Amino acid sequence: MPLLPNPLHIVSTVQKAAQWSLDTATFVAGLPTRVSALLDEAEGLVRQVSGVVDGAARAVAAADAVIAACAALVDRTAVIAGETEVVVASASRSAAVADQLLEIYRPLALTAAPLATQFVDEISEDEVHAAVRLLDQLPELTDRMAALMPILATLDTVSPEIHELLEVVKDVRQAIIGVPGFGFFRRRGEDKLGEGE
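Predicted model only: the values in this text are computed from it and were never measured.

Caption draft 1: Spotlight on the overall build of the protein. On a plain count of helices and strands, the protein comes out with four helices and zero strands. Reading the protein from its N end, one meets helices and strands in the order α-α-α-α. The globule rule puts the C-alpha radius of gyration for 197 residues at 16 Å, and the 65 Å found for the protein is more than 25% above it. Here the C-alpha coordinates of the protein stretch approximately 220 × 40 × 35 Å along the principal axes. Across the 197 residues that make up the protein, the buried fraction comes to 1%. Accessible surface computed for the protein: about 17400 Å², of which carbon and sulfur atoms make up 68%.

Written out as structure tokens, the structure reads:
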């Protein structure tokens, strides 16, 4: 005689199957909502990723601008460095020339310093003013000397004649002194000159 299934067991199996069907139907019914929510989350995530990408692009653009500015600054720095080298080289040459000049003129300066000090100590204000006046008159003095130079140049040719003239005057004087009675006339002339004064 075959065994009959346990009615409790059948009811339990039917209940489980019904519950599973209900759960499956609930799951399937809620699936569009869950998919929609999932899609919304995915869309939000895409928006966030897009924002991050946009921010990254802006950061890259800003970084490119900074790099370009740095490159320009480096180029300008190189130009300034080159100009600085030229200035330093020029200053070095000037310093070398100054050292040479100091080497040459230092002994002269050391020798002239006491004389310059004495000159400054001894010169008076009146002497300074007189020197200034003399400098003011130098153009006129130069013109007069230029006019006088031709006359001075002829003195070489005139001097022998003047010498001869002095010799003649000396001879005449001696001849007059030798004239008899000249002493009397001379004293009388001196007396007359005394009375006239």
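Caption draft 2: Main features of the environment of E195. Inspection of the secondary structure puts E195 in helix α4 (residues 182-196). Separated by 45 residues in sequence, E195 and P150 place their C-alpha atoms 46 Å apart.

Caption draft 3: Region of the structure containing the pattern of salt bridges. Scanning all chains against the criterion turns up one salt bridge. Of the charged contacts, one joins E140 and R144 as a salt bridge, the two residues approaching to 2.8 Å between their closest N and O atoms. Placement of the pair is E140 and R144 together in helix α2 (residues 125-153), with a separation of four residues, close to one helical turn. Owing to a relative accessible area of 45%, E140 belongs among the partly exposed residues under this scheme.

Caption draft 4: Quick look at a negative patch on the surface. Side chains of D121, E122, E125, D126 and E127 sit close together on the surface and give a patch of like negative charge. Of all the elements in the fold, those that place two or more residues in the negative patch are α1 (7-122) and α2. No other element matches the three residues that α2 contributes to the negative patch. Within the secondary structure, E122 sits in helix α1.

Caption draft 5: Representation of the confidence of the model for the protein in the model. Residue-level pLDDT values for the protein average 79, and 93% of them are 70 or greater. Put simply, α4 is where the protein has its lowest mean pLDDT, 72, and α2 is where it has its highest, 84.

Cut-offs applied
- Residues numbered from 1 in each chain as written.
- Predicted model: local features only at pLDDT ≥ 70, side-chain atom pairs only at ≥ 80, totals over all residues.
- Heavy atoms only, no water.
- Helix = DSSP H or I, 4+ residues; strand = E, 2+ residues; numbered from the N terminus.
- Rg over C-alpha atoms; globule rule 2.2 N^0.38 Å.
- Buried < 20%, exposed > 50% of the residue type's maximum accessible area, 1.4 Å probe, protein only.
- Areas by Shrake-Rupley, 256 points an atom, 1.4 Å probe, with all protein chains shown as cover.
- Salt bridge = Lys/Arg side-chain N within 4 Å of Asp/Glu carboxyl O.
- Patch = residues over 30% accessible without salt bridge, like charges linked within 9 Å, V, L, I, M, F, W, Y side chains within 5 Å.
- Lys, Arg positive; Asp, Glu negative; His and termini not counted.
- Charge placed at Lys NZ, Arg CZ, Asp CG, Glu CD.
- pLDDT = per-residue confidence, 0-100.

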